[in-house]
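Below, each chain spelled out in residue letters.
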Amino acid sequence: EELQAQVRGLHAVAGPDPQYPNDVCYAGAGTDHARLHEHFPALTLEFEAGAAITLPPVNYLFVHGSVAGAYCLGVFDNGYSGTLLGGITFR
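Residues numbered from 1 in each chain as written. Predicted model: local features only at pLDDT ≥ 70, side-chain atom pairs only at ≥ 80, totals over all residues. Heavy atoms only, no water.

Draft legend 1. Representation of the state of the cysteines within the structure. Here the structure, examined in full by the defined rule, presents one disulfide. A sulfur-sulfur separation of 2.1 Å characterises the disulfide bridge that pairs Cys25 with Cys72. Disulfide Cys25-Cys72: torsion about the S-S bond near 105°, hence right-handed. Highlighted residues: Cys25 in strand S2 (residues 25-27) and Cys72 in strand S6 (residues 70-73), separated in sequence by 47 residues. On the basis of relative accessible area, Cys25 is assigned to the buried category, the value being 3%. (Disulfide = S-S within 2.5 Å. Helix = DSSP H or I, 4+ residues; strand = E, 2+ residues; numbered from the N terminus. Buried < 20%, exposed > 50% of the residue type's maximum accessible area, 1.4 Å probe, protein only.)

Set out below in structure tokens:
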């Protein structure tokens, strides 16, 4: 919901793999990865003791694969094991 409120000029699309119906994907950003910041916000991850890292969109999104100019959120809820970053690598 937070990401949806911050994306600019995009529309939601279904994810590329029907086995994962909860993928969060948006189309309309174009195919130039260097311009993703024009549509998606940076993502800041905050850790214990005040440590934080800010990722540009190119580092937390993955290319949809079926819809040109569409990208999906690459951060997944891993149930009771925490958050999974880069989970698309293991699909």
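Draft legend 2. Local environment of the nonpolar core. Counting residues in each nonpolar core, the largest one holds 12 residues, listed as Leu3, Val7, Leu10, Tyr26, Ala29, Leu36, Phe40, Leu45, Leu55, Tyr60, Leu61 and Tyr71. What Leu61 contacts, discounting residues up to four positions off in sequence, is Leu36, Phe40, Tyr71, Cys72, Leu73 and Gly74. (Core = buried A, V, L, I, M, F, W, Y, C linked by side-chain atoms within 4.5 Å. Contact = heavy atoms within 4.5 Å.)

Draft legend 3. Representation of the sheet that holds S6 in the model. Reading across from one edge, S1-S2-S6-S5 is the order of the four strands in this open sheet, with antiparallel pairing throughout. With one partner strand each, in any of the chains shown, strand S1 (11-13) and strand S5 (61-63) form the two edges of the open sheet. The mean angle between the axes of side-by-side strands here comes to 40°, regardless of whether they run parallel or antiparallel. Pairing analysis gives three bridges linking S2 to S6, with the strands arranged antiparallel. The residue bridging Cys25 from the neighbouring strand is Cys72, located in S6. (Pairing = 2+ DSSP bridges. Axes fitted to C-alpha atoms, helices over the stretch in contact; angles between N-to-C directions.)

Draft legend 4. Quick look at the pattern of salt bridges. Taken as a whole, this structure holds one salt bridge when the rule is applied. Among the ionic pairs, Arg35 bridges to Glu38, the shortest N-O distance being 3.0 Å. Its relative accessible area of 36% is what places Glu38 among the partly exposed residues. (Salt bridge = Lys/Arg side-chain N within 4 Å of Asp/Glu carboxyl O.)

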